[in-house]
Structures are given as C-alpha cells and as structure tokens.
Amino acid sequence: MKTSKQQINHKSSTEPRRSEPKTAGKSSNKLQTVHGRYERYLTLAQVEAMAGDAIAAENYYQHAEHYLRLMHDPAQ
C-alpha cells in the first residue's frame, strides 16, 4: 500500500511542472514569466478542448485566467 506522500507525488506528476526562474526581481522578467505561463495554460486548455476533455480544458482556462489577471494588475 502506498503512503499518502507517495500518492501525492504520483498525483502531482500528472500536472505540468511549475518552474520558477531565478531572477533578481526585475519586473520586466516577472511580466515575461507571467505572460509565458498564461500562454502555456491557454495552449494546454485549447489542446484539451480539441481532445474533447471539457473538464481538463476548463481547469487550464482557469489557470490561464489567473495569469491574465496578474498581467493586468496595476500593482505589478
């Protein structure tokens, strides 16, 4: 029987990797990173929608929407 930690690791391996670039905190790099993540999740959503998986597509669209809000946040 798998322990709960093994089960969690197994679940997380099916999600896309979220790597954080190591930057000196430059806002332009941060905006590029946010935009890249927006594009990535939008693309994943479109692929899932074309494959017929509406639930996975909606999940990725929600992730993309989060990064879209971050791009338009005046505090950034």
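It should be emphasised that the depicted structure is a prediction, and the values quoted were computed from it without experimental measurement.

Colleague: Any details on the overall build of the protein? Residues and values, ideally.
Modeller: The number of helices and strands found in the protein is three helices and zero strands. In sequence order, the protein lays out its α and β elements as α-α-α. Put simply, the protein has 76 residues, and 16% of those count as buried. When the accessible surface of the protein is summed, it comes to about 6300 Å², and 54% of that surface belongs to carbon and sulfur atoms.

Colleague: Tell me about the pattern of salt bridges, and please be specific about residues and values.
Modeller: Taken as a whole, this structure holds one salt bridge when the rule is applied. Residues R69 and E65 are paired through a salt bridge, measuring 3.6 Å at the closest nitrogen-oxygen approach. A residue pair is termed a helical-turn pair when its members lie 3 or 4 positions apart in one helix, as R69 and E65 do in helix α3 (residues 54–71) at four residues.

Scoring rules and cut-offs
- Residues numbered from 1 in each chain as written.
- Predicted model: local features only at pLDDT ≥ 70, side-chain atom pairs only at ≥ 80, totals over all residues.
- Heavy atoms only, no water.
- Helix = DSSP H or I, 4+ residues; strand = E, 2+ residues; numbered from the N terminus.
- Buried < 20%, exposed > 50% of the residue type's maximum accessible area, 1.4 Å probe, protein only.
- Areas by Shrake-Rupley, 256 points an atom, 1.4 Å probe, with all protein chains shown as cover.
- Salt bridge = Lys/Arg side-chain N within 4 Å of Asp/Glu carboxyl O.

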